[in-house]
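Chain and residue survey
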Amino acid sequence: MTHLLGPAEIRELAARLGVRPTKKLGQNFVHDPNTVRRIVAAAGLDAADVVVEVGPGLGSLTLGLLPAVRHVHAVEIDPVLAGALAETAGHPDSLTVHRADALRLSVADLTPPPTALVANLPYNVAVPVVLHLLAELPSLRQGLVMVQKEVADRLVAGPGSKVYGVPSVKLAWYASSRSAGRVPPAVFWPVPNVDSGLVAFTRRHPPRADVTRERVFAVVDAAFAQRRKTLRGALAGWAGGPDRAAAALVAAGVDPGARGESLTIGQFADIAAGVPVPSGAGE
């Protein structure tokens, strides 16, 4: 059985590296082996999987992932942490450490291509990272991410929920998602002042193939930019006027008096498909 890092080892390693966790990078390191085992088990991985882990930090989750999968791509923006990770993990051939910003990763950066995202994501970039990687890495089939509980709730929310919004809808374009549990603050160092939540997702086909993601996301952004407005008013700028917005909504079977928080990703795609792209305009 792989030895996982406990609280004392995490602090000792950080001290040896001269690392002090920073809020700027959203660094809260997991120091509880049972939580690491729980995350790896909940991710539903098999031995053929290739995992991309964002923000491995001191390597506690990395050590749990390595025995479970074929390869781990660990993406770490902090140069000190990135430089030390291979040594902490014992320099296995199945680990590639990327000293990089996850928001700038592309498919060409990761060989072999990852099939799963498993990560304790920095709170401040969690949603952009998940959406960016799903857009850039078509090989990703599934994922399990640990994020701030409030963010987890938003990501898995469905239409009609008070916390349903842009993150919920955009994740739904790529994948089905569900809550995979709560994680208490005590398993982290330093201890955050909020609970964390696990979000599991499984990629699926977009709801429509005849309209681009960019076009659909433009509708989503417009619908939620002014949440108090009805869709007829909120989409007026996007559609070229309130009457054109209303016509697109009716054609998609959506009440022009409805609001964005009541619509599914499929309905947003139907609306996007109903208004022609202006001549000469980009997506």
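For the structure, check the block above.
In this text, all values refer to a predicted model and were calculated from it rather than measured experimentally. The residue numbers shown here count from 1 along each chain, following its written sequence. Predicted model: local features are reported for residues with pLDDT of at least 70 only, side-chain atom pairs are reported and counted for 80 or more only, and whole-chain, interface and lining totals are derived from all residues. Calculated side-chain values reflect all of the structure's heavy atoms, with hydrogen atoms and water omitted.

1. Some thoughts on the environment of Val-211
Position of Val-211 among the secondary structure elements: in the loop between strand 9 (196-203) and helix 8 (213-225). Measuring from C-alpha to C-alpha, the distance between Val-211 and Gly-90 comes to 47 Å, with 121 residues separating the pair along the chain. With sequence-adjacent residues up to four places away left out, Val-211 is seen in contact with Trp-173, Val-216, Ala-269, Ala-272 and Ala-273. Secondary structure counts use DSSP, requiring at least four H or I residues in a row for a helix and at least two E residues in a row for a strand, with both numbered from the N terminus. Two residues form a contact once any of their heavy atoms are found within 4.5 Å.

2. A few points about empty space enclosed by the protein
The probe, sized like a water molecule, is rolled over the atoms to show the empty space still left. A cavity, in this analysis, means grid points on a 1 Å lattice covering only the protein atoms where a 1.4 Å probe fits yet has no way out; a pocket is instead an open set bounded by protein on both sides within 12 Å along at least five of seven lines, and a residue lines either one if it has an atom within 4 Å of a point. Grid points are joined across faces, edges and corners, and a volume is the space filled by probe spheres set on the points. Taken as a whole and assessed by the stated rule, the structure comprises one cavity of 30 Å³ or more. Roughly 40 Å³ of internal volume is contained in the largest cavity. Lys-149, Ala-152, Asp-153, Val-156, Ser-179, Gly-181, Gly-197, Leu-198 and Val-199 together form the lining of the largest cavity. Going through the elements one at a time, helix 6 (149-156), strand 7 (175-183) and strand 9 are the ones with two or more residues in the lining of the largest cavity. When residues of the lining of the largest cavity are assigned to their parent elements, the largest contribution, four residues, is made by helix 6. Three classes are used, and their members are as follows: Ala, Val, Leu, Ile, Met, Phe, Trp, Tyr, Cys and Pro are nonpolar, Asp, Glu, Lys and Arg are charged, and the others, Gly among them, are polar. Residues belonging to the lining of the largest cavity are distributed by class as follows: four nonpolar, three polar and two charged.

3. Concerning the nonpolar core
Taken as a class, soluble globular proteins show a tendency for nonpolar side chains to be buried jointly. If you look at the biggest cluster of nonpolar residues, it comprises 58 residues, and the most contacted ones within it are Leu-117, Leu-121, Val-216, Leu-235, Phe-268 and Ile-271. Setting aside anything within four residues of it in sequence, one finds Leu-235 in contact with Val-219, Ala-222, Ala-223, Ala-245, Leu-249 and Ile-271. The criterion is simple. A nonpolar core is a set of buried Ala, Val, Leu, Ile, Met, Phe, Trp, Tyr and Cys residues joined through side-chain atoms within 4.5 Å. Summary of the burial criterion: residues with accessible area below 20% of their type's maximum are buried, those above 50% are exposed, and those between are partly exposed, where the area comes from a 1.4 Å probe applied to protein chains only.

4. Considering the pattern of salt bridges
What makes a salt bridge here is a side-chain nitrogen of Lys or Arg within 4 Å of a carboxyl oxygen of Asp or Glu, nothing more. Under the criterion given, the structure shown has nine salt bridges. Measuring nitrogen to oxygen at the nearest pair gives 2.6 Å for the salt bridge that ties Glu-150 to Arg-154. Here the residue Glu-150 and the residue Arg-154 both occupy positions in helix 6, the gap between them amounting to four residues, near one helical turn. With relative accessibility at 42%, the residue Glu-150 sits in the partly exposed group. The class of Arg-154 is partly exposed, set by a relative accessible area of 35%. For Arg-208, the salt bridge is made with Asp-210, and the minimal N-O distance between the two is 2.6 Å. By sharing partners, the salt bridges in this structure join Arg-208, Asp-210 and Asp-270 into a single network.

5. Description of the sheet that holds strand 5 (residues 116-120)
Two strands make a pair as long as DSSP finds a minimum of two bridges between them. The seven strands are arranged 4-3-2-5-6-9-7 in an open sheet whose pairing can be described as mixed. Across the chains shown, the open sheet's two edge strands, defined by having one partner strand only, are strand 4 (95-99) and strand 7. Between one strand axis and the next, the sheet turns through 20° on average, direction left out of account. Bridge count for strand 2 (residues 50-54) against strand 5 is two bridges, and the pairing is parallel. Its bridge partner being in strand 5, Val-52 is matched across the sheet by Leu-117. Each axis is a line fitted through C-alpha atoms, and for a helix only the stretch in contact is used; angles between axes span 0 to 180 degrees, taken between their N-to-C directions. Relative to the sheet, helix 5 (residues 126-136) contacts strand 2, strand 5, strand 6 (142-148) and strand 9, its axis offset from that of strand 9 by approximately 15°. Contacting strand 6, strand 7 and strand 9, helix 6 runs over the sheet at an angle of about 140° to strand 6.

6. So, the packing of aromatic side chains
The description of two aromatic rings rests on the distance between their centres and on the angle between their planes. Here the aromatic set is Phe, Tyr and Trp, taking the six-membered ring for Trp, and pairing holds for ring centres within 6.5 Å; pairs whose planes are under 30 degrees apart are stacked, those over 60 apart are edge-to-face, and all others are tilted. All chains considered together, the criterion is met by five aromatic pairs. For the pair Trp-173 and Phe-217, a centre-to-centre distance of 6.2 Å together with 75° between the ring planes defines the contact as edge-to-face. Pair noted here: Trp-173 is in helix 7 (residues 166-174) and Phe-217 is in helix 8, with a separation of 44 residues, a long-range link. Ring centres 6.1 Å apart and planes at 45° place the aromatic pair Phe-224 and Phe-268 in the tilted group. Here Phe-224, found in helix 8, pairs with Phe-268, found in helix 12 (residues 265-273); they are 44 residues apart in sequence, far enough to count as distant. Of the residues examined, Phe-268 reaches a relative accessible area of 0% and is grouped as buried. Among the aromatic residues, those joined into a ring-pair cluster are Tyr-164, Phe-224 and Phe-268.

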